[in-house]
Amino acid sequence: MTFPQFVYRNVVRNKRTYAAYFLSSAFSVLIFFVYALFIFHPNIKSGVTASLAVQLMIAAEIIMYVFSFMFVLYSVSTFLKSRKREFGILMMHGMTRGQLNRMVFLENMLIGIGAIIVGIGLGMLTGKLFLLIGSKMIGIDPLPFVLSSTVLILTIGAFLVLFFCISLFTTILLKVNKLIDLFQAGEKPKKEPKVSILLSLLSAILLITSYYLAATATMQSLLWRMLPVIGMTIVGTYFFFTQLSVFMTKLLQKNRSLFWKRTNLVTISSLAYRLKDNARMFFMVTIVSTVAFCAIGTLASMNVMNKQVEADYPAEISYLALDNSPMQKQNIQQIEKELKERNLTYTILQTPIKVVEVAKSTDKYPPEKLYLISFSDYKKIAKAADFEFTEKPIQGNKALSMLLSNMVIMSERTATYTLKQDQLKVNADKMTKHVVLSNATYQNAGLVVSDELYKKIKPAKINMFTGFYVDNMEKTAGISKNLVDNGMKFGSEGSPYAMTVSGTIYENQMSMFKMMLFVALLIGAVFFIAAGSFLYFRLYADLDYDRRLYLTITKVGLTDRELNRIVTRQLALLFFVPIVVAFVHSAFAFMALQSFYPISIAKEVLIVLAGFLIAQLIYFFAIRYRYLKNLRKSLI
């Protein structure tokens, strides 16, 4: 048998251990390959949406490649630790240090090349489906499957370099101890896990503080709180698994009534050792899972966008004729014609808007002009948009500042404006509860004034607002493309009108978010599968030790039912402790994110977390079945 044949059979013989590592690597190659198919597709046309999609996928390629490097490095180091006894046997039979390094190098390259071949093969099978879904999400014509040499060279070259560097790096780091140490690596009694009460308290303080800051964050404070909260959460999580969790387990051991009950003696005793041994792995799984949950949950929460667009654009189509532009009649007729051609029922509301010049103001950013609308007209707009109107009429020189957007929570603005006309003073001390006009229709400050004050004011000019109110916002997408680009045209000097079409705006925004969600889902899937692989590696690295442990306990009367109970509890802790911690981290992250949205995103977030939990449960029961099967083989 030649040396390469020996290496090949060595890999095949350990296929159970290498399975998760191989499949996870192949999945990373698959995602990298299908992203490259899209990026280098010859039919990708220039445009904002398509170019943004390409940029996102290039970013995803880089993130995934860096993560794959870290994942492979960790996986290989785990395998080396679990194979010390095997290395001892080989060296006892005459294998040199150089041959051992060569064997490890060739094994890694063999698995890497196999993962590249399988990943690309699966990519060729699923590439057409990916291109169809991706092109639909970014709103371009369906892309045919085209396999270019650039895609193949990039994928093969990138991952050959990755596996070569990892293989070379591991041979340098491979430590060969004395033979006796290699033989006893899996049989040495584990040392009693030690914990620091100070570091345990530090972990609790850091996590509680970060949770509090996240839960109480506002739109103004979130930006400066973000980095400290992330830092405290990462450090707190590390010490939670290395110190606090072991400390809590030791407290359980002191509770005699619980510790000595049935099989708790075995479960809790080994729990402290497992937590300490697996602390770094738990930490990595938690952080990786949290990133995946937050990325996908954040983008999935964009499903509330339709409600926010409806709130930000009270009229499905807004048309503002600047200074009574003569084009007004012609353009409005065109809009009505297109609405009728689509068989859309609508109502029209026209409202004059007075533009006045400002002499001075106490506003932080004093405007030169103000857009004024009467309270009665504001009420008509709100009712036409089916908003719940509860505001009381304003009197005298009081005014309401126009709310610019519901997308973000805005603080109250208080300002006094002195108009050039008769030095009239207008006091704005509150904001409207609803958006009066879409922010594209005016670029200066807007006020809602009392009806009596509105009549007194002589404007510099009058703009005429025309609102078209349609039952189904989404069906207005694409209306009057010749008048408005991408659903929004701002009013400015030299322009005869301003206009918004909420259906087009919603369609563009949702196309972008769907595309981002699609990219995030694939990256999240890579992260989640890698997190599951970490657990798989750790579990099978301890399999020989667990076999000896349960074989010993079986000799003193452990039943099959008790074995199932102990193993299930230990596996449940191994699988769900990091996931539960990641859920808690994500929940507080979403609480902070909620400060940006007046509309609740709880439903979308719960759906994402529930989906991940179901996937983890399926993975848990599959691994539990295989693990129990392997354990029972040694107990027969």
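Residues numbered from 1 in each chain as written. Predicted model: local features only at pLDDT ≥ 70, side-chain atom pairs only at ≥ 80, totals over all residues. Heavy atoms only, no water.

> Would you mind going over the overall build of the chain with me for this structure?
Helices and strands together make up the secondary structure of the chain, namely 20 helices and ten strands. Counting every position in the chain, which comprises 636 residues, the buried fraction comes to 51%. In the chain, the share of contacts with a sequence separation of at least 24, taken over all contacts with a separation of at least 6, comes to 82%. Of the accessible surface of the chain, which amounts to about 31000 Å², a share of 63% is contributed by carbon and sulfur atoms. (Helix = DSSP H or I, 4+ residues; strand = E, 2+ residues; numbered from the N terminus. Buried < 20%, exposed > 50% of the residue type's maximum accessible area, 1.4 Å probe, protein only. Contact = heavy atoms within 4.5 Å. Areas by Shrake-Rupley, 256 points an atom, 1.4 Å probe, with all protein chains shown as cover.)

> For this particular structure, what's the right way to read the pattern of salt bridges?
Where charged atoms of side chains with opposite charge meet at close range, the side chains can pair. Here the structure, examined in full by the defined rule, presents one salt bridge. Taking the shortest distance from any N to any O, the salt bridge between lysine 420 and glutamate 357 comes out at 3.6 Å. Of the two residues, lysine 420 sits in the loop between β5 (415-419) and β6 (425-435) while glutamate 357 sits in strand β2 (residues 346-361), which places them 63 residues apart along the sequence. (Salt bridge = Lys/Arg side-chain N within 4 Å of Asp/Glu carboxyl O.)

> Just to check I follow, could you spell out unusual backbone geometry for this structure?
It is generally the case that most residues other than glycine have a negative phi and that most peptide bonds are trans. Of note in this structure, aspartate 386 is not a glycine but carries a positive phi near 65°. Within the element layout of this structure, aspartate 386 appears in the loop between α15 (375-384) and β4 (398-403). Non-glycine residue serine 480 carries a positive phi angle of around 55°. Take serine 480: it is sitting in the loop between β8 (461-470) and β9 (488-489).

> Is there a simple way to explain the side chain of serine 502 in this structure?
Note on placement: serine 502 falls in helix α17 (residues 502-541). In this view, serine 502 contacts Val309, Tyr313, Ala315, Glu316, Met473 and Thr476; residues no more than four positions away in its chain are not counted.

> Would you take a moment to explain the nonpolar core for this structure?
Note on soluble globular proteins: their nonpolar side chains tend to be buried together. Grouped together as the largest cluster of nonpolar side chains are 87 residues, with contacts concentrated most on Tyr35, Met103, Phe130 and Phe163. Looking at this core, the element that brings in the most residues is helix α2 (residues 15-39), giving 14 residues. The contacts of phenylalanine 130, once residues within four sequence positions are left out, are Val34, Tyr35, Phe38, Met57, Phe518 and Leu522. Formed by 24 residues, the second largest nonpolar core is a distinct cluster that contains Ala315, Phe375, Tyr378 and Val448. (Core = buried A, V, L, I, M, F, W, Y, C linked by side-chain atoms within 4.5 Å.)

> When you look at the packing of aromatic side chains in this model, what are you seeing that I'm missing?
Geometry of an aromatic ring pair is reported as the spacing of the ring centres plus the angle between the planes. One pass over the full model with this rule turns up 23 aromatic pairs. Note on phenylalanine 32 and phenylalanine 159: the rings are 5.3 Å apart at their centroids and 90° apart in plane angle, and the pair reads as edge-to-face. Residue phenylalanine 32 is located in helix α2, and its partner phenylalanine 159 is located in helix α6 (residues 149-173); the two are separated by 127 residues in the primary sequence. The interplanar angle of 70° and the centroid separation of 5.6 Å between the aromatic rings of tyrosine 238 and phenylalanine 239 together place this pair among those described as edge-to-face. We classify tyrosine 238 as partly exposed; its relative accessible area is 29%. Each residue in the set Phe575, Phe576, Tyr619, Phe620 and Phe621 is aromatic and connected to the rest through ring pairs, giving one cluster. (Phe/Tyr/Trp six-rings, centres within 6.5 Å; stacked < 30°, edge-to-face > 60°.)

> How do you make sense of the pairing of strand β7 (residues 445-449) when you look at a structure like this?
Along any regular strand, the residues point their side chains to alternate faces of the sheet. Here β7 lies mainly inside the structure; five of its five residues are buried. Residues Ala445, Leu447 and Val449 point to one face of β7 and Gly446 and Val448 to the other, with burial holding for every one of them. The pairing of strand β3 (residues 369-374) with β7 spans five bridges and is classified as parallel. Bridge assignment links leucine 370 to a residue of β7, and that residue is alanine 445. (Pairing = 2+ DSSP bridges.)

> Is there a simple way to think about the layout of surface pockets in this case?
Space inside the second largest pocket adds up to approximately 620 Å³. Looking at the second largest pocket, it is lined by 24 residues, and the ones nearest its centre are Val229, Ile230, Cys294, His585 and Ala589. Put simply, the parts of the chain that give the lining of the second largest pocket at least two residues each are α8 (197-215), α9 (219-254), α12 (279-300) and α19 (560-594). In terms of residues, the lining of the second largest pocket owes the most to one element, α9, which gives seven residues. Of the residues that constitute the lining of the second largest pocket, the class distribution is 18 nonpolar, five polar and one charged. (1 Å grid on protein atoms, 1.4 Å probe; cavity = no way out; pocket = protein on both sides within 12 Å on 5 of 7 lines; lining within 4 Å. Points joined across faces, edges and corners; volume = space filled by probe spheres on them. Nonpolar A, V, L, I, M, F, W, Y, C, P; charged D, E, K, R; others polar.)

> In this structure, what is going on with a nonpolar patch on the surface? I would like to understand it.
Among the surface-exposed residues, Ile58, Ile62, Val66, Phe69 and Met70 lie close enough to one another that they form a single nonpolar patch of about 450 Å² accessible area. The residue valine 66 is located in helix α3 (residues 48-82) in this model. Assessed through its relative accessible area of 45%, valine 66 is described here as partly exposed. (Patch = residues over 30% accessible without salt bridge, like charges linked within 9 Å, V, L, I, M, F, W, Y side chains within 5 Å.)

> Even after reading the chapter, I still don't get the pairing of β6, so can you show me in this structure?
As paired strands, β4 and β6 are joined by five bridges and run parallel to one another. Along β6, the bridge assignment pairs alanine 399 with alanine 428. When β5 meets β6, the two strands line up antiparallel, connected through four bridges. Of the residues in β6, the one forming a bridge with alanine 415 is alanine 428. Linking two consecutive strands that pair antiparallel, namely β5 and β6, is a turn of five residues; a positive phi of about 55° is found at aspartate 422 within it.

> Looking at this structure, how should I read the confidence of the model for the chain?
Detailed reading of the predicted coordinates is not advisable wherever pLDDT is low. Here the chain averages 78 in pLDDT, and 81% of its residues register 70 or above. When pLDDT is averaged over each helix and strand of the chain, the minimum, 49, is found for helix α7 (residues 179-183) and the maximum, 90, for α8. (pLDDT = per-residue confidence, 0-100.)

> Explain the environment of alanine 415 to me, please; I cannot follow it from the model alone.
Relative to the helices and strands, alanine 415 resides in strand β5. When the C-alpha atoms of alanine 415 and lysine 430 are compared, they prove to be 9.3 Å apart, with 15 residues separating the residues in sequence. Among residues more than four places away in sequence, those in contact with alanine 415 are Thr362, Asp363, Val426, Asn427 and Ala428.

> How should the packing of α8 against α19 be read in this particular structure?
In a pair of packed helices, the angle between the axes and the distance between the axes together describe the arrangement. Following both chains from N to C, one finds α8 and α19 inclined at 30°, their axes separated by 7 Å at the closest point. The angle between the axes of α8 and α19 places the two elements in the roughly parallel class. Contacts between α8 and α19 pair Leu207, Tyr211, Ala214 and Ala215 from the former with Val584, His585, Phe588, Met591 and Ala592 from the latter. Among the residues making up the contact of α8 with α19, the classes are represented as eight nonpolar, one polar and no charged. (Axes fitted to C-alpha atoms, helices over the stretch in contact; angles between N-to-C directions. Parallel < 35°, antiparallel > 145°, perpendicular 65-115°, else oblique.)

> Honestly, the environment of serine 595 in this entry has me stumped. Any pointers?
As for its placement among the helices and strands, serine 595 is situated in the loop between α19 and α20 (602-635). Classification of serine 595 by relative accessible area gives buried; the value is 11%. Residues serine 595 and serine 221, 374 residues apart in the sequence, show an inter-C-alpha distance of 9.7 Å.

> I keep staring at α19 and nothing clicks. Help me out?
Along an α-helix, a turn takes 3.6 residues, which lines up residues three or four apart on a common side. The terminal C-alpha atoms of α19, which comprises 35 residues, lie 49 Å apart, in line with the 51 Å expected from a rise of 1.5 Å per residue. Along its length, α19 shows its largest kink, about 35°, at phenylalanine 576, and proline proline 578 lies within four residues downstream of that point. (Expected span 1.5 Å × (residues − 1). Bend = angle between axes of the 7 residues up to and from the residue.)

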